Amino acid sequence: MEKLHVGILDLPPLYEVGADGKPGGVLLEFLTRILDQAGYSYDMAVYPPRRLYWNIAEGRCHVFLGVKNVPELEGRVLYSKKKITDIDMRAYVLGERKLPEKNEDLYGSRVIVIRGYSYGGFINDLRNPDNGVELMEASDHIHAFRQLAAGRGDYLLDYRRAAENAIRVMAMEEEVRSTSLELIGVFLKVSKQVEGADILMQRLEAAWDYLESDIIIPGSVN
């Protein structure tokens with residue numbers, strides 16, 4: 001393969017797009033180190049979640065870092081043998097509303113989610129009509145907190161680091177409370193549509209093993 005195409009989500013500060021339009025972030029730095037060590041040339045592009053998943057499933061994007069149990073990618077990607085890190089899935093509330101203690105405590109309520117996110121597969125439970133959840137989809141993290149502030153949901157489900165960034169932008173630090181519901185693993189993914197996908201994953205994992213002591217990725221970027 002002459003060049004790998006790497007797909008990226010805008011998920012600050014794990015992935016983020018700078019003022020110059022270039023992608024960055026701690027997970028992207030991790031991935032570029034591995035790609036460079038493995039000797040691949042590559043380009044990168046930022047996509048909304050559903051477009052990214054479609055591109056990966058169709059082989060238009062070759063490599064991505066993300067969580068497992070994304071419905072659109074079932075059976076269509078290879079996962080690294082080990083996880084890169086964990087991200088913290090949290091529930092956010094306003095006012096005196098009781099914080100949930102477990103995922104199931106969201107059942108029977110109005111829940112704001114980011115459009116296209118799988119939340120490690122939990123989105124399937126939220127969509128199950130037997131669980132009585134009214135889902136409100138937001139286009140991005142800031143839009144999600146705007147919906148929460150407008151009272152359009154009882155809970156907002158988001159990843160902590162991205163949520164913190166949105167809360168700062170919205171100046172809602174004194175209004176929002178949250179609790180951790182689950183730590184979700186992040187893995188290296190390769191599209192099965194790529195010719196020689198198994199070999200590509202082996203080379204990337206070998207580069208990862210070689211660099212492991214030299215790459216600073218916290219055990220959890222939650």
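Cut-offs applied
- Residues numbered from 1 in each chain as written.
- Predicted model: local features only at pLDDT ≥ 70, side-chain atom pairs only at ≥ 80, totals over all residues.
- Heavy atoms only, no water.
- Helix = DSSP H or I, 4+ residues; strand = E, 2+ residues; numbered from the N terminus.
- Rg over C-alpha atoms; globule rule 2.2 N^0.38 Å.
- Buried < 20%, exposed > 50% of the residue type's maximum accessible area, 1.4 Å probe, protein only.
- Contact = heavy atoms within 4.5 Å.
- Areas by Shrake-Rupley, 256 points an atom, 1.4 Å probe, with all protein chains shown as cover.
- Lys, Arg positive; Asp, Glu negative; His and termini not counted.
- Charge placed at Lys NZ, Arg CZ, Asp CG, Glu CD.
- Core = buried A, V, L, I, M, F, W, Y, C linked by side-chain atoms within 4.5 Å.
- Axes fitted to C-alpha atoms, helices over the stretch in contact; angles between N-to-C directions.
- Parallel < 35°, antiparallel > 145°, perpendicular 65-115°, else oblique.
- Nonpolar A, V, L, I, M, F, W, Y, C, P; charged D, E, K, R; others polar.
- Phe/Tyr/Trp six-rings, centres within 6.5 Å; stacked < 30°, edge-to-face > 60°.
- Salt bridge = Lys/Arg side-chain N within 4 Å of Asp/Glu carboxyl O.

Visitor: What exactly am I supposed to notice about the overall build of the chain here?
Guide: Per the secondary structure count, the chain includes six helices and 11 strands. Against the compact-globule benchmark of 17 Å for 222 residues, the chain has a radius of gyration of 18 Å, which places it among compact chains. Taken over the C-alpha atoms alone, the chain extends approximately 55 × 35 × 30 Å along its principal axes. Residues counted as buried form 51% of the 222 residues belonging to the chain. Here the analysis covers contacts within the chain between residues at least 6 apart in sequence; of these, 76% occur between residues at least 24 apart. Of the accessible surface of the chain, which amounts to about 10600 Å², a share of 44% is contributed by carbon and sulfur atoms. Across the chain, the 27 positively charged side chains and the 34 negatively charged ones have centroids separated by 2 Å.

Visitor: How do you make sense of the nonpolar core when you look at a structure like this?
Guide: Note that soluble globular proteins tend to have their nonpolar side chains buried in a common cluster. Of all hydrophobic cores here, the largest spans 74 residues; its most connected members are Tyr 119, Phe 145, Leu 157 and Leu 204. Counting residues per element, this core draws most heavily on helix α1 (residues 26-38), at seven residues.

Visitor: Could you clarify how one ought to interpret the packing of α1 against helix α6 (residues 197-211) in this entry?
Guide: The geometry of a pair of packed helices is captured by two quantities: the angle between their axes and the separation between those axes. As a packed pair, α1 and α6 sit with axes 8 Å apart at the nearest point and diverge in direction by 105 degrees. With respect to each other, α1 and α6 are oriented roughly perpendicular. For the pair α1 and α6, the contacting residues are Phe 30, Arg 33, Ile 34, Leu 35, Gln 37 and Ala 38 in the first and Arg 203, Leu 204, Ala 207, Trp 208, Tyr 210 and Leu 211 in the second. Class assignment of the residues belonging to the contact of α1 with α6 gives a composition of nine nonpolar, one polar and two charged.

Visitor: I tried to follow the packing of aromatic side chains on my own but got confused; where do I start?
Guide: The description of an aromatic ring pair rests on the distance of the ring centres and on the angle between the ring planes. Tallied over the entire structure, the rule returns six aromatic pairs. Seen from their ring centres, Tyr 92 and Phe 145 are 5.4 Å apart, and the 75 degrees between their planes marks the pair as edge-to-face. In this pair, Tyr 92 sits in strand β7 (residues 85-94) while Phe 145 sits in helix α4 (residues 141-149), placing the two residues 53 residues apart along the sequence. For the residue pair Tyr 92 and Phe 145, the accessibility class agrees, reading buried in each case. With a centroid separation of 5.7 Å and an interplanar angle of 35 degrees, the aromatic rings of Tyr 119 and Tyr 159 are classed as tilted.

Visitor: Please clarify how the pattern of salt bridges should be interpreted in this entry.
Guide: Where charged atoms from two side chains of opposite charge come close, those side chains can pair. For the structure on display, the rule yields 12 salt bridges. The partner of Asp 209 in a salt bridge is Lys 82, and the shortest N-O contact between them spans 2.8 Å. Here Asp 209, found in helix α6, pairs with Lys 82, found in the loop between β6 (77-79) and β7; they are 127 residues apart in sequence, far enough to count as distant.

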